[in-house]
Amino acid sequence: MAVKTAYLSQLGRSYKVSDHFTLGEIASKDGADKVLYDTELLAMWEEGREMLGGDGRCTVSVNSWYRTPAHNRAQGGASNSQHIYGTAADMVVYQNGKNRK
């Protein structure tokens, strides 16, 4: 596990942390500047995206990745949630425009 720290104010929301994910997508939804993300988790989602249909039939949308402790509490998250460490991600996968359940 390799958790990186980045700042929206320095890199911008559109900064690409990987081929398909931006810093803004993985940032806490409460507007915090600081963002934590696990590079291994990021690599796993990149690989998963390719396996699910990297040819464009499939899109992956981030519901929640990093959460500040305050935002995590507001969302009803567990006090030791992996989101506050940047080591968890909730995603929605769409194939041909439809949610894959």
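Each remark here, short or long, concerns the structure printed above.
A quick note: this is a predicted structure, and the numbers were derived from the prediction, not measured. (Residues numbered from 1 in each chain as written. Predicted model: local features only at pLDDT ≥ 70, side-chain atom pairs only at ≥ 80, totals over all residues. Heavy atoms only, no water.)

A. Spotlight on the overall build of the protein chain. A count of helices and strands for the protein chain gives four helices and five strands. Order of helices (α) and strands (β) in the protein chain, N terminus to C terminus: β-α-α-β-α-β-α-β-β. Counting only C-alpha atoms, the protein chain reaches 35 × 30 × 25 Å along its principal axes. In the protein chain, buried positions account for 42% of the 101 residues. When the accessible surface of the protein chain is split by element, carbon and sulfur atoms take 48% of a total near 5,900 Å². With 12 positive and 11 negative side-chain charges, the protein chain shows a separation of 7 Å between the mean positions of the two kinds. (Helix = DSSP H or I, 4+ residues; strand = E, 2+ residues; numbered from the N terminus. Buried < 20%, exposed > 50% of the residue type's maximum accessible area, 1.4 Å probe, protein only. Areas by Shrake-Rupley, 256 points an atom, 1.4 Å probe, with all protein chains shown as cover. Lys, Arg positive; Asp, Glu negative; His and termini not counted. Charge placed at Lys NZ, Arg CZ, Asp CG, Glu CD.)

B. Focus on the side chain of D38. Mapped onto the elements of the fold, D38 is located in strand β2 (residues 34-38). Buried charged residue D38 carries no salt bridge. Nearest counter-charge: K4, at 10 Å. Of note is the side chain of D38, whose polar atom sits 3.4 Å from the backbone nitrogen of A2. (Salt bridge = Lys/Arg side-chain N within 4 Å of Asp/Glu carboxyl O. Polar contact = N/O pair within 3.5 Å; in protein donor to acceptor, adjacent residues only side chain to side chain.)

C. Region of interest: the pairing of β2. Of all the five residues making up β2, four are buried; the element is thus mostly covered by neighbouring parts of the structure. Bridging between strand β1 (residues 3-7) and β2 involves five bridges; their strand directions are antiparallel. Bridge pairing links V3 to D38 in β2. (Pairing = 2+ DSSP bridges.)

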